[in-house]
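# Understanding the architecture of this molecule
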Amino acid sequence: MSNRLYGYADPLAIRAGEAVEFMLSAEVAAEAEIRLVRLIHGDRHPAGPGFVEEEVDAGLPARVSIVPQATRRGAFATVPGGRAALADLRAGAIHAFICPSRPGLGEQAIAGCWDEAAAKGYVLLVDGDGALRLRLGDGERRTELALSRRLAPGCWYFVTAHWDADAGTAGLRQFGCIDRWNSRIGPVAPYDYDDAADHEGGIAFRASPSAGFLIAGLRSAEGGATACYNGKIDRIGVQRGLLDPAAIAAIRAGGMPPADGIVTYWDTSAGYSDDGIGDVIRDTGPLGLDAVGVNRPVRGMKGWNWKGKADSFRLDPGQYGGIAFHEDALIDCGWTPTVRLETSRELRSGAYALRVRSNGVEDHVPFFVRAAVPKAPIAVLMPTFTYLAYANEHLAFEAPIAQAICANTPVVGEQDLHWSADAPFGLSTYDVHSDGAGVCYSSWRRPILNMRPGYRMPATGVAWAFPADLSLIWWLERAGYDYEIVTDHDLHREGAAALAPYRAVLTGTHPEYYSERMLDGTEDYLTGGGRLLYLGGNGYYWVTGLREDEPWCIEVRKLESGSRAWQAEPGEGYLACTGERSGLWRVRGRAPQKLVGLGFTTEGMDESRPFERLPDSFDPAMAWIFAGIGADEPIGDFGLALGGASGIEMDRYDLALGTPPHARLLAASFGHSDNYPLVSEDIGYAFPGRGGSQDPQVRGDMSYFTTPNGGAVFAAGSIAWSQALPCFDGQNNVARIMRNVLDAFLGDGPLPA
């Protein structure tokens, strides 16, 4: 078997003159040839130009050594300080509210100061049978105390354990906290949640200060965590001495533990603001031993005391102490850089990759370069938020849903099978964690195996997202246009200023994930006279955010509306990184029609269709767009994406959703199959007849309208549009319309008509 190569670039996008680092890993240590290449086209479809790259001299070494690098998966929290105070407790207690999501899935540590190698310390955990367990050790012996009643998944408990090494005693307690609102099941289920166990006659205990205290995991030899916990933890503390029944009852009721015995009390509901919350879990005890989340434990989650009325942590942070941990979470691989590239300010803006070759194996690690000083008249806005949202998605391997949506059998390769088996580099926002909870975070600090030139999405059989967007890059090169690259991250950071230098801005095929700053920046660019070619489908759809100081990680939560692979639990729809409600922009009053004239209406993956001209296209004022196009000529009855220019995901003109009243509806695609259903957000009542053969809203539209100060928007609402451009060596009617519009948009004077 060949030696697989993996890598990622950090940052994902730079300005010419800045540096980028490449973190590379191999299954077996190897020497590799590396070369900087500019990516021109990445789809090997026989109807297109094939794989096209351009080697670039960049001062990199010709060869590098690549060694295996460990990836540390699993969300947990570590306490950087106070090891002695937390470890050296000959008589102590630990208490927490917990809501386990997968009890019985092996051992899962709740919290403790335990050294597995030395077998010393203490840890409270959920054992392999799904029961609460206390483990103590002195380096030679262990004391294990377990309850007999298995924890119920999705239900809240108050749990506490205590030990006294001098008295030789230990105890373990669990109490159900089920009410009308907070758990998967309610009070009508006759379930007995409470349990207790005590031990006398000596215990094994010795402190291990070197172990450190972890929440939701046990420290591994590599510095990460093992036995990671799945579920929520709310308000957790460590006490000196034992907790008497009165103290336990008070904490269970929401009170504080006895002040004179507090070592730590992590108030997981503390630290919220209107702008969200970070990874620091505050210790409100006397030592201030804050815990720090690793791999982004999910905040903004309901706690044990949620009462249903406050549906956001902004309304009552005290009800949002729940922190969700997942064993398969991954935000940052934490690999060591293998090579660093210092770029020249003269380096041409573009989509680049570090090409890595070793013993017949090749990989491309992509990144983007923005111009040091903008000079070109055209910007291609690469949808990096969308690339992250789909990073390493596994929908193709969920055969029932993939085949139903795509109307074809997934076609997978050896690499797909390898990395899908155990998701070594994390999941996408289209996947769920092992406990069924939706994945709301995605990061570029890991190999993104489906963000590679030449990659084809197994579920659809076509290039998707980044590889698809390279078709637009190839056409601009072939047609001789001077362009530069700007990314979503640039637009989020700078707003309209990122687009202002450009006479025309072209989107990628699928700009689906947008932050408020990105929407505002695009709108400000258009109202200021900017000109935009919206060349995608399902754009401006999901409310997406990121922390100001951590651009590598996006957050999105899928709510009650929209085409979604999962749905957030009630009360958990607000972004922890920004404090705003996630879900669809349309639901928040900013439907994409208000911005670009079109909005998502259907998706299907069996075939794409051509556009047909509509009456508005024959108005003499629109003749310049269709110069050289026949009246009855199908526009795009070809394409690398399922054989047509309108397909996969498509958008429609809709005055009721905010399409500007003066917008022209120029063309549309018709005759789509019933595999193209109307989107769920448009369906109030479910009934037959919402597919492409019956519902007139199932189509892809082409529109045009002007904006203030000489600006304009041309929109071809289809993911497949740009993938038709390379056909026939770029000499086709889709390309002709693109030239007509782009040339007019680049002109110095007013737009035609």
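Refer to the structure above for everything that follows.
Below is a summary of the structure that appears in this document. For every chain, the first residue of the written sequence is number 1, and numbering continues from 1 onward in sequence order. Local features in this predicted model are restricted to residues of pLDDT 70 or higher, and side-chain atom pairs are both shown and tallied only at a pLDDT of 80 or more, whereas totals for entire chains, interfaces and linings draw on every residue. Note: side-chain values were computed over all heavy atoms of the structure, leaving out hydrogens and water.

Now for the overall build of the protein chain. From N to C terminus, the protein chain includes 10 helices and 41 strands. The size measure is the radius of gyration over C-alpha atoms, and the globule rule it meets is 2.2 Å times the number of residues to the 0.38 power. Taken over the C-alpha trace, the protein chain has a radius of gyration of 28 Å; the compact-globule value for 753 residues is 27 Å, and the two agree within 12%. C-alpha atoms of the protein chain, sized along the principal axes, occupy 95 × 60 × 45 Å. The buried share among the 753 residues of the protein chain stands at 63%. Contact criterion: two residues are considered in contact whenever any of their non-hydrogen atoms come within 4.5 Å of each other. In the protein chain, the share of contacts with a sequence separation of at least 24, taken over all contacts with a separation of at least 6, comes to 74%. In the structure as shown, the protein chain presents an accessible area of about 26,300 Å², 50% of it carried by carbon and sulfur atoms. Only four residue types enter the tally: Lys and Arg on the positive side, Asp and Glu on the negative side, with His and both chain ends excluded. Just so you know, the charge point we use is NZ for Lys, CZ for Arg, CG for Asp and CD for Glu. One way to put it: in the protein chain the 67 positive side-chain charges average out to a point 2 Å from where the 94 negative ones average out. Counting from the N terminus, the helices are the DSSP runs of H or I reaching at least four residues and the strands are the DSSP runs of E reaching at least two. Working definition: with a 1.4 Å probe on protein chains only, accessible area under 20% of the residue-type maximum means buried, over 50% means exposed, and in between means partly exposed. For every accessible area listed, the method is Shrake-Rupley and the probe measures 1.4 Å; residues are considered covered only by the protein chains on display.

Both the distance between ring centres and the angle between the ring planes are used here to describe each pair of aromatic rings. Stacked, edge-to-face and tilted are the three classes for Phe, Tyr and Trp ring pairs, Trp counted by its six-membered ring, which pair at centre distances within 6.5 Å; planes under 30 degrees apart are stacked, over 60 edge-to-face, the rest tilted. Going through the model one piece at a time under the given rule, you end up with 34 aromatic pairs. Between Y157 and Y193, the aromatic rings sit 5.8 Å apart at their centres with planes inclined by 75 degrees, giving edge-to-face as the arrangement. Remark: Y193 occurs in the loop between β14 (169-176) and β15 (195-199) and Y157 occurs in strand β13 (residues 157-164); sequence separation between them is 36 residues. Exposure remark for Y157: the relative accessible area of 0% places this residue in the buried category. Note on Y193: relative accessible area 9%, which makes it buried. Geometrically, a charge over a ring is one whose NZ (Lys) or CZ (Arg) sits within 6 Å of the ring centre while staying within 35 degrees of the ring normal. Here R445 stacks its cationic end above the ring of W552, 3.5 Å away from the centre of that ring.

The 8 strands lie next to each other as β12-β11-β10-β9-β16-β7-β22-β21, forming an open sheet whose pairing is antiparallel. Edge strands, defined here as strands with exactly one partner in the open sheet, are β12 (142-146) and β21 (280-281). As paired strands, strand β9 (residues 108-115) and strand β16 (residues 214-215) are joined by 2 bridges and run antiparallel to one another. Following the sheet pairing, G112 is matched in β16 by L214. In this analysis, strands are considered paired if DSSP registers two or more bridges between them.

A few words on the pattern of salt bridges. Salt-bridge detection follows one rule: a side-chain nitrogen of Lys or Arg within 4 Å of a carboxyl oxygen of Asp or Glu. Throughout the structure, instances matching the rule amount to 51 salt bridges. When the shortest N-O distance is used, the salt bridge between R586 and D682 registers 2.6 Å. A residue pair is termed long-range when its members are at least 10 positions apart, and R586 in the loop between β35 (550-556) and α9 (593-596) and D682 in the loop between β39 (664-669) and β40 (701-707) qualify at 96 residues. Assessed through its relative accessible area of 23%, R586 is described here as partly exposed. By sharing partners, the salt bridges in this structure join R15, R370, D490, R493 and E494 into a single network.

Turning next to the nonpolar core. In terms of nonpolar packing, the biggest core is built from 137 residues, with W475, F714 and W721 touching the most fellow members. Residue contacts for W475: discarding those within four places in its chain leaves Y481, L725, G730, A735, M738, R739 and L742. In this structure, A75, A170, L214 and V238 belong to the second largest nonpolar core, which totals 55 residues. Nine residue types can take part in a nonpolar core, namely buried Ala, Val, Leu, Ile, Met, Phe, Trp, Tyr and Cys, and a core is a set of them joined through side-chain atoms within 4.5 Å.

Glancing now at the sheet that holds strand β1 (residues 5-10). Strand order across the open sheet formed by 3 strands is β1-β3-β25, with antiparallel pairing between neighbours. In this open sheet, the two edge strands, each paired with only one partner strand, are β1 and β25 (339-342). The average undirected angle you get between the axes of adjacent strands in this sheet is 20 degrees. With 4 bridges connecting them, strand β3 (residues 19-26) and β25 associate as antiparallel partners. Considered in β25, the bridge of A19 is made with E342. Note on definitions: angles span 0 to 180 degrees between N-to-C directions of axes, and those axes are lines fitted to C-alpha atoms, for helices only across the stretch in contact.

At a closest axis distance of 12 Å, the pairing of helix α6 (residues 466-479) and helix α10 (residues 733-746) adopts a crossing angle of 70 degrees. Accordingly, the angle class assigned to the pair α6 and α10 is roughly perpendicular. By crossing handedness, the relation of α6 to α10 is classed as right-handed. Where α6 abuts α10, its residues L472, W475, L476 and A479 lie against A735, M738, R739 and L742. Amino acid classes used here: Ala, Val, Leu, Ile, Met, Phe, Trp, Tyr, Cys and Pro are nonpolar; Asp, Glu, Lys and Arg are charged; the rest, including Gly, are polar. Counted by class, the contact of α6 with α10 contains 7 nonpolar, no polar and 1 charged residues. For classification purposes, an angle smaller than 35 degrees is called roughly parallel, one larger than 145 roughly antiparallel, one from 65 to 115 roughly perpendicular, and anything else oblique. Crossing handedness is defined as follows: a turn of the near helix away from the far one that is anticlockwise and smaller than a right angle gives a left-handed crossing, while the clockwise case is right-handed.

With that settled, consider the side chain of T602. Along the polypeptide, T602 turns up in strand β36 (residues 598-609). Classification of T602 by relative accessible area gives buried; the value is 0%. Here a polar contact means two N or O atoms within 3.5 Å. Within protein one must be a hydrogen donor candidate and the other an acceptor candidate, and residues neighboring in sequence count only if both atoms are side-chain atoms. Polar contacts involving the side chain of T602 include one to the main-chain carbonyl oxygen of P677, which spans 2.7 Å. Discounting residues that sit within four places of it in the chain, T602 has contacts with I648, E649, M650, Y676, P677, L678, V679, V698 and R699.

This paragraph deals with the pairing of strand β31 (residues 504-507). Within a regular beta strand, the side chains point alternately toward one face of the sheet and then the other, so they alternate between its two faces. Of the two faces of β31, the one lined by A504 and L506 and the one lined by V505 and T507 are each fully buried. For β31 and strand β33 (residues 531-534), the ladder comprises 3 bridges, and the chain directions are parallel. Bridge pairing in β33 places V505 opposite L532.

What follows concerns helix α8 (residues 516-527). A helix is expected to reach a length of 1.5 Å times the quantity of its residues less one. Under the 1.5 Å per step criterion, the end-to-end length of α8 is 16 Å for 12 residues, consistent within 8% with the ideal 16 Å. For α8, the set of buried residues is M518, L519, G521, T522, Y525 and L526. For α8, the angular spread of the buried residues around the axis is 165 degrees, confining them to a single face. Positive phi appears at G529, one or two residues downstream of α8, with a value of about 105 degrees. Directions are taken from the helix axis to each C-beta atom, and the arc is the one they span.

Topologically, E27 is positioned in the loop between β3 and β4 (30-41). Along the backbone, E27 and S2 are 25 residues apart, and their C-alpha atoms lie at a distance of 9.2 Å.

A separate point is helix α2 (residues 245-252). Residues of α2 that are buried: A247, I248 and I251. In an axial view of α2, the angular spread of the buried residues amounts to 100 degrees, which keeps them on one side of the axis. Summarising the geometry of α2, the exposed residues directed more than 90 degrees from the buried face are P245 and A246. G254, located one to two residues past α2, shows a positive phi value of around 105 degrees.

A word on the state of the cysteines. A pair of sulfur atoms, both from cysteines and within 2.5 Å, is called a disulfide here. Applying the stated criterion across every chain yields a total of 0 disulfides. Just so you know, C177 is unpaired, no disulfide at all, and the nearest cysteine sulfur is the one on C99, 10 Å from it. Left without a disulfide partner, C577 is nearest to the cysteine sulfur of C553, which lies 8.0 Å away.

Here we take up the environment of V713. The residue V713 is located in strand β41 (residues 711-716) in this model. On a C-alpha basis, the gap between V713 and I331 in space is 37 Å, while along the polypeptide they are 382 residues apart. Apart from residues no more than four positions distant in its own chain, V713 is found in contact with L526, L532, L595, V596, S703, Y704, F705, T707 and F745.

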